[in-house]
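Spelled out, the chains give:
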Amino acid sequence: MLSKGLKRKREEEEEKEPLAVDAWWLDPGHASVAQAPPAVASSSLFDLSVLKLHHSLQQSEPNLRHLVLVVNTLRRIQASMAPAAALPPVPSPPAAPSVADNLLASSDAALSASMASLLEDLSHIEGLSQAPQPLADEGPPGRSIGGAAPSLGALDLLGPATGCLLDDGLEGLFEDIDTSMYDNELWAPASEGLKPGPEDGPGKEEAPELDEAELDYLMDVLVGTQALERPPGPGR
Amino acid sequence: ADIISTVEFNHTGELLATGDKGGRVVIFQREQESKNQVHRRGEYNVYSTFQSHEPEFDYLKSLEIEEKINKIRWLPQQNAAYFLLSTNDKTVKLWKVSERDKRPEGYNLKDEEGRLRDPATITTLRVPVLRPMDLMVEATPRRVFANAHTYHINSISVNSDYETYMSADDLRINLWNFEITNQSFNIVDIKPANMEELTEVITAAEFHPHHCNTFVYSSSKGTIRLCDMRASALCDRHTKFFEEPEDPSNRSFFSEIISSISDVKFSHSGRYIMTRDYLTVKVWDLNMENRPIETYQVHDYLRSKLCSLYENDCIFDKFECVWNGSDSVIMTGSYNNFFRMFDRNTKRDVTLEASRENSKPRAILKPRKVCVGGKRRKDEISVDSLDFSKKILHTAWHPSENIIAVAATNNLYIFQDKVN
């Protein structure tokens, strides 16, 4: 940026500034960057990458390619910043790497935790939204695709079957339903009101906030919508 | 006009389809060349416009699904109607585009405005006849292939058997039959059992132009896998694996990102594949897996700018690449509305610009040059003056003639060979 009053030189006459600063971003192992202190140069790139990762994770549906590339780059940077991290934790590290180690210790755990939790959530969601299941004939047994089916199947039974099984076994129905898929932090309380009927059983345990007044309001909305959807046709 | 997100000629080159960020498809048709104006080659005019995809809301995940058209692929023409596949992140649709230039007139029970006539007033019967009308082009959705992709669809490819096609997302590839919309076969699945171990995603996929059992897919790690569907139902194990060893002198933190392949295309002959990564275009011989046979530098002057490009996310831009009809020239886009062509035989290359100022109709495009250091000549542009918001990601080449379509953000440019 130029301050006021300074006349900008004509482009043709400007000497190109040697872009030595870009050399910092090269792998510290590279011969030509022996001068630049790797830990310092890499730490701003590290911060930038962490920032990108957090920004990506904050999206409701992160771009998987972007996420994976940023994470892999971050891992590379981490690996180069603290090559001594592989050694057992001897309590006499030199000054510079200790800074990197602290950075690693604090951010690595958080990084892994947030990455792990996001990717776990992605796989939970994936199990729920897969309807109809894509067919894979003679796929090897135990593939993750088939994993979602049994639980959903059990829940499907819950809806229409409840009326017949009121006398006995209603509690038994709940026992063998796998609710792990519904123990999902990503489901904000607001969206629970939109869930259709069959999930009311296990779902209610997760949503004590839905009190009677809200339930009545929801029912009104649903009934109102249904009434709108069936206008009396001509000639009926 | 919205940002164009895909461009594709049909198999004869008579039609050119574009998809945009708003979910619209616009199809251009080439004018019939008239005998009166031999000097004027067929120009492309709008033929049909329709809304292919609408924004959707996934209630289960509380997510909005973008209507942006990621890819359009034409089916070969088998009757008077045209068929194309268009896809957004989650749903593929088969569209039929057909012409109507006649309409029936002379119904007995309805009058000309369509009102019912009182049967008691009808004294004679007549046979309705077809009369010519103004040409109407209508697009109707014939199939909707939904609910088969958890992740974002990046590619679709029509198989040479014309009965099946594939759709690929970040982690999976599905095979569809055009007639069946409620089922698809999963043929590739690279999702790890534990998502924490995810390090690689699928970036593009395409069927072989002649062998209906063969397809390739590329990854974010710069690898290409060729699979044979006859080997097993699930093609998790590749038949061939193409990867170039990393050049140690060019190693940096960004090596993996710039090696990520953004597009893969079979040559028309089926003997080669072309891949585009961030800085280069590579041609591979299917019979040689350990390195490409040709590498072309698209904009190597960006190699020293990778950190800034990482910062502003430009390093993640996904450029496409295309072959010409005879596989002798390849083309790809760059920044500043530049696009590049490489002649594989003469080894000559040219940089051209798609911009209003430089493209009056019938004007000849002037080659452009980027100055990389030292004294800049009069017509050159210095690297620092490049506009990185003007990127040409999507281009298409007519299947047999030297006509190209270049999408520059929300403008479409069609260029053709100089007419003498």
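Preceding block: the structure.
Below is a summary of the structure that appears in this document. (Residues numbered from 1 in each chain as written. Chains lettered and ligands numbered in written order. Predicted model: local features only at pLDDT ≥ 70, side-chain atom pairs only at ≥ 80, totals over all residues. Heavy atoms only, no water.)

## Observations concerning the overall build of chain B
- Counting secondary structure elements, chain B contains 2 helices and 31 strands.
- The C-alpha atoms of chain B give a radius of gyration of 24 Å, which matches the 22 Å a tight globule of 420 residues would have.
- Along the first, second and third principal axes, the C-alpha atoms of chain B reach 90 × 55 × 40 Å.
- For chain B, with 420 residues in total, the buried portion stands at 53%.
- Contacts spanning at least 24 positions in sequence make up 51% of the contacts within chain B whose residues lie at least 6 apart.
- Of the roughly 19900 Å² of accessible surface on chain B, 47% is carried by carbon and sulfur atoms.
- Across chain B, the centroid of the 56 positively charged side chains sits 5 Å from that of the 61 negatively charged ones. (Helix = DSSP H or I, 4+ residues; strand = E, 2+ residues; numbered from the N terminus. Rg over C-alpha atoms; globule rule 2.2 N^0.38 Å. Buried < 20%, exposed > 50% of the residue type's maximum accessible area, 1.4 Å probe, protein only. Contact = heavy atoms within 4.5 Å. Areas by Shrake-Rupley, 256 points an atom, 1.4 Å probe, with all protein chains shown as cover. Lys, Arg positive; Asp, Glu negative; His and termini not counted. Charge placed at Lys NZ, Arg CZ, Asp CG, Glu CD.)

## Concerning the environment of B:Ala205
Residue and element names in this part refer to chain B.
- Tracing the backbone through its elements, the reader meets Ala205 in strand 15 (residues 202-207).
- Along the backbone, Ala205 and Asp169 are 36 residues apart, and their C-alpha atoms lie at a distance of 9.2 Å.
- For Ala205, the contacting residues outside a window of four places in its chain are Ser155, Ser157, Met166, Ala168, Ile173, Val216, Tyr217 and Val264.

## Notes on the pairing of strand 17 (residues 224-228) of chain B
Residues and elements named next belong to chain B.
- Among the 5 residues in strand 17, 5 count as buried, and that is most of the element.
- Across the two faces of strand 17 the burial is the same, with Ile224, Leu226 and Asp228 and Arg225 and Cys227 all buried.
- The sheet contact formed by strand 16 (residues 214-219) and strand 17 spans 5 bridges and is antiparallel. Bridge pairing links Tyr217 to Arg225 in strand 17.
- When strand 17 meets strand 18 (residues 240-242), the two strands line up antiparallel, connected through 3 bridges. By the bridge assignment for strand 18, Ile224 is matched with Phe242. (Pairing = 2+ DSSP bridges.)

## So, the nonpolar core
- The biggest cluster of nonpolar side chains holds 42 residues, and the ones touching the most others in it are A:Leu45, B:Phe254, B:Tyr278, B:Tyr310 and B:Ile315.
- Breaking this core down by element, the ones donating at least two residues are helix 1 (38-58) and helix 2 (64-81) of chain A together with helix 1 (255-259) and helix 2 (306-311) of chain B.
- If you tally residues by element for this core, the top one is helix 2 of chain A, at 9 residues.
- Residues contacting B:Tyr310, with those up to four places away along its chain left out, are A:Leu45, A:Leu48, A:Ser49, A:Lys52, A:Val70, A:Thr73, B:Phe254, B:Ile257, B:Ile315 and B:Phe316.
- With 15 residues, the next largest nonpolar core counts B:Val322, B:Met331, B:Ala354 and B:Val406 among its residues. (Core = buried A, V, L, I, M, F, W, Y, C linked by side-chain atoms within 4.5 Å.)

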